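# Fold and geometry: a report
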Amino acid sequence: AELARLIDRSAGKINKVMPIFLQLNLTGEAQKFGLREESLSSLAHAVQELRFLKLLGFMVMGSQGDPERTRSLFRRAKELADQYGLPEVSMGMSDDYQIALEEGTTMVRLGRIVFDLKSDFSLLS
């Protein structure tokens, strides 16, 4: 919340509304950053009250090597975005973007797969 207020003040100085996402850690894994679900409500509401921040949605990472757990995490992230009335949910990376598409992502973060394509577009079908 402190960082959100700092960004809000900085954006206010230049009269710019900053669109933001909150990163969720729905896996509970210590090596991943983001808000745990139990901390989400207070921060999301606090951010929504700030004048120069616009909360667009949530972003979340799946559980590497566990497609079914990833599916349930992505489904939960979409449910939370809907619950908070947010239009965007960014989930899915090179290894799990197909699951993310099936679960309603509005943005995927592709890196490795894009650079590995080397003109082989069959990977995206």
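I will try to describe carefully the structure that is included in this document. (Residues numbered from 1 in each chain as written. Predicted model: local features only at pLDDT ≥ 70, side-chain atom pairs only at ≥ 80, totals over all residues. Heavy atoms only, no water.)

### Some details on empty space enclosed by the protein
To locate leftover empty space, one rolls a probe as large as a water molecule over the atoms. Under the definition given, this model contains one cavity of 30 Å³ or more. Of the voids in this model, the largest cavity is the one considered here, and its volume is about 40 Å³. Gln-23, Leu-24, Asn-25, Lys-32, Phe-33, Val-60 and Met-61 together form the lining of the largest cavity. Tallied by class, the residues present in the lining of the largest cavity amount to four nonpolar, two polar and one charged. (1 Å grid on protein atoms, 1.4 Å probe; cavity = no way out; pocket = protein on both sides within 12 Å on 5 of 7 lines; lining within 4 Å. Points joined across faces, edges and corners; volume = space filled by probe spheres on them. Nonpolar A, V, L, I, M, F, W, Y, C, P; charged D, E, K, R; others polar.)

### Some details on the pattern of salt bridges
What the rule picks out here adds up to eight salt bridges. The salt bridge involving Glu-103 is made with Arg-71; its shortest N-O contact spans 2.8 Å. In this pair, Glu-103 sits in the loop between helix H4 (97-102) and helix H5 (112-116) while Arg-71 sits in helix H3 (residues 67-83), placing the two residues 32 residues apart along the sequence. The partner of Asp-95 in a salt bridge is Arg-112, with the nearest N and O atoms 2.3 Å apart. Residue Asp-95 is located in the loop between strand E3 (88-91) and H4, and its partner Arg-112 is located in helix H5; the two are separated by 17 residues in the primary sequence. Members of the salt-bridge network, linked through shared partners, are Arg-71, Arg-75, Glu-102 and Glu-103. (Salt bridge = Lys/Arg side-chain N within 4 Å of Asp/Glu carboxyl O. Helix = DSSP H or I, 4+ residues; strand = E, 2+ residues; numbered from the N terminus.)

### Quick word on the pairing of strand E1 (residues 18-24)
Note: E1 against strand E2 (residues 53-60), seven bridges, orientation parallel. In the strand pairing of E2, Met-18 is matched with Leu-53. You can see the chain leave E1, run along helix H2 (residues 37-49) and come back into E2, and the turn it takes is right-handed. (Pairing = 2+ DSSP bridges. Right-handed = clockwise from strand over helix to strand, strands pointing away.)

### Considering the layout of surface pockets
Of the volumes computed, that of the largest pocket is approximately 310 Å³. If you go around the largest pocket, you meet 15 residues; those closest to its centre are Ser-63, Gln-64, Gly-65, Asp-95 and Asp-96. Partitioned by chemical class, the residues of the lining of the largest pocket number four nonpolar, six polar and five charged.

### Section: the packing of aromatic side chains
Throughout the structure, instances matching the rule amount to one aromatic pair. Seen in terms of ring centroids, Phe-58 and Tyr-84 are 5.7 Å apart; in terms of plane orientation they differ by 85°. Their pairing is edge-to-face. Taken together, the residues Phe-58 in strand E2 and Tyr-84 in the loop between H3 and E3 connect sequence positions 26 residues apart. Across this residue pair, the class does not change: Phe-58 and Tyr-84 are buried. (Phe/Tyr/Trp six-rings, centres within 6.5 Å; stacked < 30°, edge-to-face > 60°. Buried < 20%, exposed > 50% of the residue type's maximum accessible area, 1.4 Å probe, protein only.)

### Digging into a nonpolar patch on the surface
Where nonpolar side chains cluster on the molecular surface, the patch consists of Leu-101, Val-108, Leu-110, Val-114 and Phe-115 and spans about 460 Å² of accessible area. The topology assignment puts Phe-115 in helix H5. When its relative accessible area of 67% is taken as the criterion, Phe-115 is described as exposed. (Patch = residues over 30% accessible without salt bridge, like charges linked within 9 Å, V, L, I, M, F, W, Y side chains within 5 Å. Areas by Shrake-Rupley, 256 points an atom, 1.4 Å probe, with all protein chains shown as cover.)

### Notes on the pairing of E3
Side-chain positions along a regular strand alternate between the two faces of the sheet. In the sheet, E2 pairs with E3 via four bridges, with the strands oriented parallel. Its bridge partner lying in E3, Phe-58 is registered against Val-89. The handedness of the E2 to E3 crossover, carried by H3, is right-handed.

### Points about unusual backbone geometry
Not every positive phi belongs to a glycine, and Asn-15 is a case in point at roughly 55°. Turning to its location among the elements, Asn-15 is positioned in the loop between helix H1 (2-13) and E1.

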